[in-house]
Amino acid sequence: MFDFAVWFKEHFPGRAQVLPVLEAFSREVRHYPGNLTGTRDGRQFAVLHLVDSLYPLVRLAEWAWSGRWLDLGSGPGLPGLPLAVVCPEMRLTLLDAREKPLTFARHFAEAHGLTHLEVRLGRAEEAGRDPALRERFDGVVVRAVDNLGVLAELGLPFLRVGGRMIAYKGKSSREEARQALHALRQLGGEVVRIEEYRLPGLPHTRSLVVVDKVAPTPDRYPRRTGVPHKRPLRG
Ligand SMILES: C[S@@+](CC[C@H](N)C(=O)[O-])C[C@H]1O[C@@H](n2cnc3c(N)ncnc32)[C@H](O)[C@@H]1O
């Protein structure tokens, strides 16, 4: 039977002091009115959400995991909040178009002293044009928001050249990356790595698609709210 504390201590030796915060996040998000993640069961939540969120730290352990990061379409803080709890050198902004999950995240961050975490309500299409946010981030993480071509348009505007976006994907990530090739080129991105993994006890393949920002994003992107999804950039 999967035990998150055992998994965590095995993969992050020396960081057991943050385990109570991750456990509190699991407990509080699962019991928040309105069911923010659709998962009430603690063990299931730990595998599907905590372990999944933290996987980049296992697979891309050689990275610095510091600087300014954006969690695009974060909901209550997935995957960004667990990442920032384990890596206090990350300054993290959660961005989502919905108020309710952000209210949870704001309260949680305040209650647990996560001063390196900021919460912003808004659409990526608009926030990506805000000079305080555009090309200001070292990294973007994004999970369960849209396909890679659309994410290129929503996410890459936030990154400085040399920054990187990590998209959490399922098993069709290589096909998605192939289909997004034109959009990525237009927006200044390039897929540099795909890391496949399996969550404990589950058969499905998951993947982390790493996109490097290799050139500035042209000023005309992102297009108006809804357009990137309705009319994805194609070759
Ligand atoms: C399925 S939820 C995923 C939430 C979280 N990332 C997770 O993995 O559990 C998708 C989230 O993306 C947000 N979202 C979708 N498109 C967005 C956009 N263009 N700008 C900001 N947020 C967006 C939605 O409001 C929603 O909270």
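Counting of residues starts from 1 at the beginning of each chain's written sequence and follows it residue by residue. Only residues with pLDDT of at least 70 get local features here, since the model is predicted, and only at 80 or more are side-chain atom pairs given and counted; chain-wide, interface and lining totals rely on the full set of residues.

1. Focus: the overall build of the protein chain
Runs of E in the DSSP output that reach at least two residues are strands. Runs of H or I that reach at least four are helices, and both are numbered from the N terminus. What the protein chain contains, in helices and strands, is 10 helices and 7 strands. Against the compact-globule benchmark of 18 Å for 235 residues, the protein chain has a radius of gyration of 17 Å, which places it among compact chains. With respect to the three principal axes, the spread of C-alpha positions in the protein chain is 45 × 35 × 30 Å. Any residue surrounded by 20 or more other C-beta atoms within 10 Å of its C-beta is treated as buried, while 12 or fewer makes it exposed and the intermediate range makes it partly exposed; C-beta atoms here are placed from the backbone. Expressed as a percentage of the 235 residues in the protein chain, the buried residues total 42%. What the globule rule says is 2.2 Å times the number of residues to the power 0.38, and the radius of gyration is computed from C-alpha atoms.

2. What about helix α5 (residues 99-111)?
The span you would expect from a helix comes to 1.5 Å times its residue count less one. The first and last C-alpha atoms of α5 sit 18 Å apart over 13 residues, in line with the 18 Å expected at 1.5 Å per residue. Turning to α5, its buried residues number three or more, namely Pro-101, Leu-102, Phe-104, Ala-105, Phe-108 and Ala-109. An end-on view of α5 places all buried positions within 155° of arc, on one side of the element. The exposed residues of α5 that point more than 90 degrees off its buried face are Glu-99, Glu-110 and Ala-111. Its buried side turned inward, α5 meets α2 (19-31), α4 (80-86), β2 (90-96) and β3 (117-121). Phi for Gly-113, located one or two positions after α5, is positive at around 65°. When we speak of the arc, we mean the arc of directions from the helix axis to the C-beta atoms. Residue pairs qualify as contacts under a 7 Å threshold applied to their C-beta atoms, which are placed from the backbone.

3. Observations concerning the sheet that holds strand β5 (residues 159-169)
Here we have 7 strands laid out as an open sheet, ordered β3-β2-β1-β4-β5-β7-β6, and mixed in their pairing. Whereas interior strands pair on both sides, the edge strands pair on one side only; in this sheet they are β3 and β6 (189-198). Shown here is a sheet whose adjacent strand axes are inclined to one another by a mean of 20°, direction ignored. Note that strand β1 (residues 67-72) and β2 share 6 bridges and pair parallel. Bridge pairing links Trp-69 to Leu-92 in β2. Where helix α3 (residues 42-59) meets the sheet, its contacts fall on β5, β6 and β7 (205-213), and the angle it forms with β7 comes to roughly 65°. When DSSP finds two or more bridges between two strands, those strands count as paired. For helices, the fitted axis covers only the stretch in contact; all axes are lines through C-alpha atoms, and the angles between them, taken along N-to-C directions, range from 0 to 180 degrees.

4. Considerations on the site of the ligand
We call a residue near a molecule or strand if the C-beta atom, set from the backbone, is within 6 Å of it. In the region of the ligand, 17 residues are neighbours, and Gly-73, Gly-75, Leu-78, Ala-124 and Arg-143 sit closest. Breaking the shell around the ligand down by element, the ones donating at least two residues are β2 and α6 (124-127). Throughout, the ten residues Ala, Val, Leu, Ile, Met, Phe, Trp, Tyr, Cys and Pro are labelled nonpolar, Asp, Glu, Lys and Arg are labelled charged, and all others, Gly among them, are labelled polar. Across the shell around the ligand, the residue classes tally to 8 nonpolar, 4 polar and 5 charged.

5. Quick look at the nonpolar core
For this analysis, nonpolar core means a set of buried Ala, Val, Leu, Ile, Met, Phe, Trp, Tyr and Cys residues linked through C-beta atoms within 7 Å. One finds Ala-84, Ala-105, Val-140, Ala-152, Met-165 and Ala-167 to be the most contacted residues of the largest nonpolar core, which totals 59 residues. The greatest single-element share of this core, amounting to 6 residues, is contributed by α3. Excluding residues that lie within four positions of it along the chain, Ala-167 makes contacts with Val-142, Leu-148, Leu-151, Val-209 and Val-211.

6. Focus: the pairing of β2
With 6 of its 7 residues buried, β2 lies for the most part within the structure. Seen with the strands pointing away from the viewer, any crossover whose path from the first strand over the helix to the second strand runs clockwise is right-handed. What joins β1 to β2 is α4, and the crossover it makes is right-handed. In this structure, β2 lies alongside β3, joined through 5 bridges in parallel fashion. Looking at β3, one finds that Thr-93 is bridged to Glu-118.

7. Topic: the environment of Thr-37
Among the secondary structure elements, Thr-37 is positioned in the loop between α2 and α3. Linking Thr-37 and Leu-148, residues 111 residues apart in sequence, is a C-alpha distance of 22 Å. When near neighbours in sequence (up to four residues on either side) are disregarded, Thr-37 contacts Val-29, Phe-45, His-49 and Pro-76.

8. Overview of the environment of Pro-157
With respect to the secondary-structure elements, Pro-157 resides in the loop between α7 (148-155) and β5. Of the residues examined, Pro-157 has 28 C-beta atoms within 10 Å and is grouped as buried. Linking Pro-157 and Arg-178, residues 21 residues apart in sequence, is a C-alpha distance of 20 Å. The contacts of Pro-157, once residues within four sequence positions are left out, are Gly-128, Arg-134, Thr-217, Tyr-221 and Pro-222.

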